[in-house]
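For reference, the chains in residue letters:
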Amino acid sequence: MPKEEMVAMLLAGGKGTRLGVLTNNIAKPAVPFGAEYRLIDFPLSNCTNSGITTVGVLTQYKPLVLNSYIGSGSSWDLDRHNGGVTVLPPYVKEGGGSWYKGTADAIYQNIEFLDIYDPEYVLVLSGDHIYKMDYAEMLNYHKEKNAEITIGVLEVPWKETHRFGIMNTNQDQKIIEFQEKPENAKNNLASMGIYIFNWEYLRKYLIEEAEENDDSAGDFGHNIIPKMMADNLNFYAYTFEGYWKDVGTIESYWQAHMDLLGEEPELELQDRNWIIYSVNPNRPPQYLSEDAVVDNSMINKGTQIMGTVKNSVLFFGVKVAQDAVVEDSVILPNTRINSGAKIKNSIVGRNVIVEKNSKIGIEKEKEASDELKISVIGDNEVIPEASSIKAGMVVG
Amino acid sequence: MMTPVYKKGGANMNNVMAIINNALDESFLDKLTGHRSLASVPFGARYRLIDFPLSNLVNSGVTNVGLLLQTKYRSLMDHIGFGKAWDLDRKRNGLFILPPAHIYQANRAYKGDLQNFASNIDYIKRSNQEYVIIGSPNIVANIDYRDAFKYHVENENDITIIYRELDVFRRDTTYTVINTDDNDRIIDMKVDPKKNFYKKISLQRYIMKKELLLDIIDDCISKGEWDFVKNAIIGNLDNLKVYGYPFHSYAAVINSINGYYKSNLELLKPNVWQDLFLKNGPIFTKPKDEAPTAYKNGVNARNILAANGCSIKGEVKNSVLFRGVKVHPGAVIKNSVIMQKSEIGANAYLENVILDKGVQITSNKSLKGDTNLPMIIAKNTIV
């Protein structure tokens, strides 16, 4: 196998517990996003667009959908003679096997995979973030700085620093301290969960950690990074400017969809210079009837709109019947919304049937606060005729 | 039914190969075929004409398809590639590109489409299927060949032609019409007659044994006959068992600009697009990874078919928009067909027009064609 300069390792084993019913049957990276995509399309497309052609995808939780989605990798141009995309589930070795204990352990268990390509650098990515980023630029920066580890960071509002891993840097962007979800942050540069390691070092630390520490959580944030920090390795922060979102919660998932709308969306998906590739389901063109009213929405092919759709994102195969109203909502693939139904501030799963005149997210619970509450309907549910799912309720 | 690839015989669809005949006169589409072949003319918001016959064959279980080419086939080749979108990138069988080898004999004039068959006779001979379906890209329909093929075999026909009975004939479109007896035997067939019409039109899908095709080609050419429909088929109506098989769903004949325009707009009728897109399997096309379409604030879009990648701010009614079309605020589009990557400037007005790919209409321009004679703007024009 020819040597690769940099191999990407994409962590895609997470359950995404906080997404609730949306990840009942699929791993978080397989969660649909943006009318057409799944979350994993973003890091995979970023890899292709950055010129990275060898990608390991580490799977563990409910991998079936994800495995078949990735297939040969041809959707992202990652079907290559050398490298390409390789799905890496945990496997049994000579001395037995175990589940991936944590992010670092997942890489440790696949040292053999990485050794095939003998890379200079390893790029570690998460499978559940929404952003467009050129990893080649980050690698250039890593080399310029003579770093051993470069961590992708972005500036977050000071009031939110307590939610993130915060990097304290000197004037040269060298990281001098790492604070995990600090009460009193000294900086506002938050880790994006994107790392470039010199493979030689990372390999050594992974083996040491596994061999010397039986109780290790096998986690980058808790085990490997602090140890490397203590040994004074060269850590640098690479500041990313642009849209980045961790869609880890129902609220952030909904909000990220709303960010796709508007005159100048924060995340522009129609940019032909940085295409987000996907498996691209083959569907007929979208049809808007004579009575359709559509405003400020993103709609995929294979949809049939006979009713009203405002400030919403509709995946492929969705049908909105006459007199149905969808507002400020995300409707996942192949869901049918029958006439007279009204949906607001909701996320409706795939293959759902919303029967006539039912309401989702329209009525509030008594004594509910004014705070925005997102209603969520899980996959394959049927919402009975004329029923009402109150704001903030979850079905499924 | 599962059949091993090496086992061929009887009425299994893996015993059928197909040839799509692209060696047709395409001049009637005027500017739209100035730089492309008929087969790659865009149709129905996200397709090319070739997608329909090709998808129909694949959906029916045919896995060996040859494309006869004649001229201007760069865009067709770009679209088809290795046939991956149709699952025809196979180790055995799959897609075969059949170029017009005879054009290298520059001193001889082109005689007719049987010459294209003859140039590629080795492909036909070498294919190990017993039967062949011959089709052409100027008929848009969603046809399942399985029943027609079963009928062909059971009725022991020599040739089966799929036909459709029409109620409405377009004055400016040419048809190949057939007359049948009560048993659907074809007793007469005419290409583009000026009078004495029949109500049944050929959908230009012919089923026959491969050996028969080879015999007919040899026979015709040895007599100096070079036209597939007129000589190979019509010339044999009396001495072969040629039967029709009726098709009852939607079919459009693309034989004129007006026919092309009307057929596109006809897709806005729900029963038409349901017939064409949802019955008998999907229509496949080359994927482009366009982002979903963005309907911006203040958009007014009604009765439209749109592909992905569009960004619409103005008013669009009764129209078909292909991929990546941009409509700026205040623009009005009515009864029009707007092809890939065209951009309509602010406050422009378009009615009854066909914009080919990449046309730019600058702000405040107004273009209007007639309902029966749409205005065509050629590829990459700036107006």
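Reading the values: rules and limits
Residues numbered from 1 in each chain as written. Chains lettered and ligands numbered in written order. Predicted model: local features only at pLDDT ≥ 70, side-chain atom pairs only at ≥ 80, totals over all residues. Heavy atoms only, no water. Helix = DSSP H or I, 4+ residues; strand = E, 2+ residues; numbered from the N terminus. Rg over C-alpha atoms; globule rule 2.2 N^0.38 Å. Buried < 20%, exposed > 50% of the residue type's maximum accessible area, 1.4 Å probe, protein only. Areas by Shrake-Rupley, 256 points an atom, 1.4 Å probe, with all protein chains shown as cover. Lys, Arg positive; Asp, Glu negative; His and termini not counted. Charge placed at Lys NZ, Arg CZ, Asp CG, Glu CD. Axes fitted to C-alpha atoms, helices over the stretch in contact; angles between N-to-C directions. Left-handed = near helix turned anticlockwise from the far one by under 90°. Contact = heavy atoms within 4.5 Å. Nonpolar A, V, L, I, M, F, W, Y, C, P; charged D, E, K, R; others polar. Pairing = 2+ DSSP bridges. 1 Å grid on protein atoms, 1.4 Å probe; cavity = no way out; pocket = protein on both sides within 12 Å on 5 of 7 lines; lining within 4 Å. Points joined across faces, edges and corners; volume = space filled by probe spheres on them. Buried area = accessible area lost by both parts, 1.4 Å probe. Salt bridge = Lys/Arg side-chain N within 4 Å of Asp/Glu carboxyl O. Phe/Tyr/Trp six-rings, centres within 6.5 Å; stacked < 30°, edge-to-face > 60°. Lys NZ or Arg CZ within 6 Å of the ring centre and 35° of its normal. Polar contact = N/O pair within 3.5 Å; in protein donor to acceptor, adjacent residues only side chain to side chain.

With reference to specific residues and values, describe the overall build of chain B.
Within chain B, the regular secondary structure consists of nine helices and 26 strands. Relative to its length of 383 residues, chain B is compact, with a C-alpha radius of gyration of 21 Å against a globular reference of 21 Å. The principal-axis extent of the C-alpha atoms belonging to chain B is close to 65 × 50 × 45 Å. Each of the 383 residues in chain B was classed as buried or not, and the buried ones make up 58%. Total accessible area on chain B is roughly 15500 Å²; 48% of this is exposed by carbon and sulfur atoms. Taking the 50 positively charged and 39 negatively charged side chains of chain B as two groups, their mean positions are separated by 8 Å.

Kindly report on the packing of helix α6 (residues 199-212) of chain A against helix α7 (residues 220-230) of chain A, identifying the contributing residues and their values.
All names here are of chain A. Two elements in contact, α6 and α7, have axes separated by 11 Å at closest approach and are oriented at 115°. Considering only the axes of α6 and α7, their crossing is right-handed. Contacts between α6 and α7 involve Tyr201, Leu202, Tyr205, Leu206, Glu208, Glu209 and Glu212 on the former and, on the latter, Phe220, Asn223, Ile224, Lys227 and Met228. The residue makeup of the contact of α6 with α7, split by class, is seven nonpolar, one polar and four charged.

Let's hear about the sheet that holds strand β18 (residues 308-310) of chain A: which residues, and what values?
Residues and elements named next belong to chain A. Pairing within the open sheet is parallel, and its six strands lie in the order β15-β18-β21-β24-β27-β30. Each edge of the open sheet carries a strand with a single partner, namely β15 (293-295) and β30 (388-389). One ladder, built from three bridges, connects β18 with strand β21 (residues 325-327); its direction is parallel. Counterpart to Thr308 in the pairing with β21 is Val325.

If you had to explain the sheet that holds strand β22 (residues 330-331) of chain A to someone new, which residues and values would you point to?
What the eleven strands build is an open sheet, ordered β31(A)-β28(A)-β25(A)-β22(A)-β19(A)-β16(A)-β14(B)-β16(B)-β18(B)-β21(B)-β24(B); its pairing is mixed. Edge positions in the sheet fall to β31 (394-395) of chain A together with β24 (360-361) of chain B, since each of these pairs with one other strand and no more. Where strand β18 (residues 326-327) of chain B and strand β21 (residues 343-344) of chain B come together, two bridges link them in parallel fashion. Across the sheet, residue B:Lys326 finds its bridge partner in β21(B), namely B:Glu343. In this fold helix α8 (residues 250-258) of chain A packs onto β19 (313-314), β22, β25 (346-348) and β28 (375-377) of chain A, with an angle of close to 95° to the strand it touches most, β25(A).

Got a sec to walk through helix α8 (residues 257-266) of chain B? Specific residues and values, please.
Within α8(B), nine of the ten residues are buried, leaving the element largely enclosed by the surrounding structure. Listing the buried residues of α8(B) in full gives B:Ile257, B:Asn258, B:Gly259, B:Tyr260, B:Tyr261, B:Ser263, B:Asn264, B:Leu265 and B:Glu266.

Which residues make up the environment of A:Phe113, and what values go with them?
All names here are of chain A. Relative to the helices and strands, Phe113 resides in helix α4 (residues 111-117). With 25 residues separating them along the chain, Phe113 and Leu88 place their C-alpha atoms 8.8 Å apart. With residues near it in sequence (within four places) discarded, Phe113 still touches Val7, Met9, Thr54, Gly56, Thr86 and Leu88.

Would you mind going over empty space enclosed by the protein in detail, with residue names and values included?
On inspection of all chains with the given rule, the structure shows five cavities of 30 Å³ or more. Empty space within the largest cavity amounts to approximately 80 Å³. Forming the walls of the largest cavity are B:Arg46, B:Tyr47, B:Arg48, B:Asp78, B:His79, B:Thr285, B:Lys286, B:Lys288, B:Phe322, B:Arg323 and B:Gln340. Listed by contribution, the elements that provide at least two residues to the lining of the largest cavity are β3 (47-48) and α2 (74-80) of chain B. Its residues assigned to classes, the lining of the largest cavity shows two nonpolar, three polar and six charged. Space inside the second largest cavity adds up to approximately 60 Å³. Lining the second largest cavity are A:Asn280, A:Lys301, B:Arg46, B:Pro287, B:Lys288, B:Asp289, B:Glu290, B:Ala307, B:Asn308 and B:Arg323. Of the residues in the lining of the second largest cavity, the class split is two nonpolar, two polar and six charged.

Provide a residue-level description of the interface of chain B and chain A, including the pertinent values.
In this assembly, 42 residues from chain B lie in contact with 37 residues from chain A. With both chains or domains summed, chain B and chain A bury close to 3100 Å², and 44% of this area falls on carbon and sulfur atoms. Looking only at chain B, the three residues that lose the most surface to chain A are B:Asp289, B:Pro292 and B:Tyr295, adding up to 22% of its buried area. Applying the counting criterion to the chain B and chain A interface returns two salt bridges. If you list the elements that add at least two residues to the side of chain B that touches chain A, you get α9 (270-278), β14 (293-295) and β15 (300-306) of chain B. Residue contributions to the side of chain B that touches chain A peak at six residues, all from β15(B). Considered class by class, the residues forming the side of chain B that touches chain A number 22 nonpolar, ten polar and ten charged.

Any details on the pairing of strand β4 (residues 54-58) of chain A? Residues and values, ideally.
Residues and elements named next belong to chain A. Within β4, five of the five residues are buried, which leaves the element mostly enclosed by the surrounding structure. Of the two faces of β4, the one lined by Thr54, Gly56 and Leu58 and the one lined by Val55 and Val57 are each fully buried. Here strand β1 (residues 6-11) runs beside β4; their pairing, made up of four bridges, is parallel. Along β4, the bridge assignment pairs Leu10 with Val57.

So what about the packing of aromatic side chains? Which residues, and what values?
All names here are of chain A. Inspection of every chain in the model, using the stated rule, returns 23 aromatic pairs over all chains. With centroids separated by 6.2 Å and ring planes inclined at 80°, the aromatic side chains of Tyr131 and Phe240 adopt a geometry described as edge-to-face. Taken as a pair, Tyr131 in strand β7 (residues 129-131) and Phe240 in the loop between β12 (235-239) and β13 (244-246) lie far apart in primary sequence, 109 residues in all. When the ring centre of Tyr69 is taken as reference, the NZ or CZ atom of Arg38 above it lies at 4.9 Å. Note that Lys93 overlies the ring of Tyr91, its terminal NZ or CZ placed 4.3 Å from the centroid.

Can you break down the environment of A:Gly97 residue by residue, with the values?
Residues and elements named next belong to chain A. Along the polypeptide, Gly97 turns up in the loop between β5 (84-88) and α3 (103-108). Of the residues examined, Gly97 reaches a relative accessible area of 53% and is grouped as exposed. Separated by twelve residues in sequence, Gly97 and Gln109 have C-alpha atoms that sit 9.2 Å apart.

Before we move on, can you summarise the pattern of salt bridges with the specific residues and values?
Residues and elements named next belong to chain A. Inspection of every chain in the model, using the stated rule, returns 28 salt bridges over all chains. The closest approach of N and O atoms between Lys28 and Asp128, which form a salt bridge, is 3.2 Å. Taken together, the residues Lys28 in the loop between β1 and β2 (32-33) and Asp128 in the loop between β6 (121-126) and β7 connect sequence positions 100 residues apart. Here the two residues Lys28 and Asp128 agree in accessibility, since each one is buried. Here the residues in one salt-bridge network are Lys3, Asp118 and Glu120, joined through shared partners.

Help me get a handle on unusual backbone geometry, residues and values and all.
Both trends apply: most residues other than glycine have a negative phi, and most peptide bonds are in trans. Residue and element names in this part refer to chain B. One non-glycine residue, Asp87, lies in the positive phi region at around 60°. The phi torsion at Gln204 lies on the positive side, around 55°, for a residue other than glycine. Here Gln204 lies in strand β11 (residues 200-209).

Quick one: what's the story with the side chain of B:Asn255, residue by residue and with numbers?
Residues and elements named next belong to chain B. Relative to the assigned elements, Asn255 resides in the loop between β13 (251-253) and α8. Reaching out from Asn255, the side chain makes a polar contact with the backbone oxygen of Thr174 at a distance of 2.5 Å. Excluding residues within four positions of it along the chain, Asn255 makes contact with Phe28, Asn138, Asp172, Thr173, Thr174 and Tyr175.

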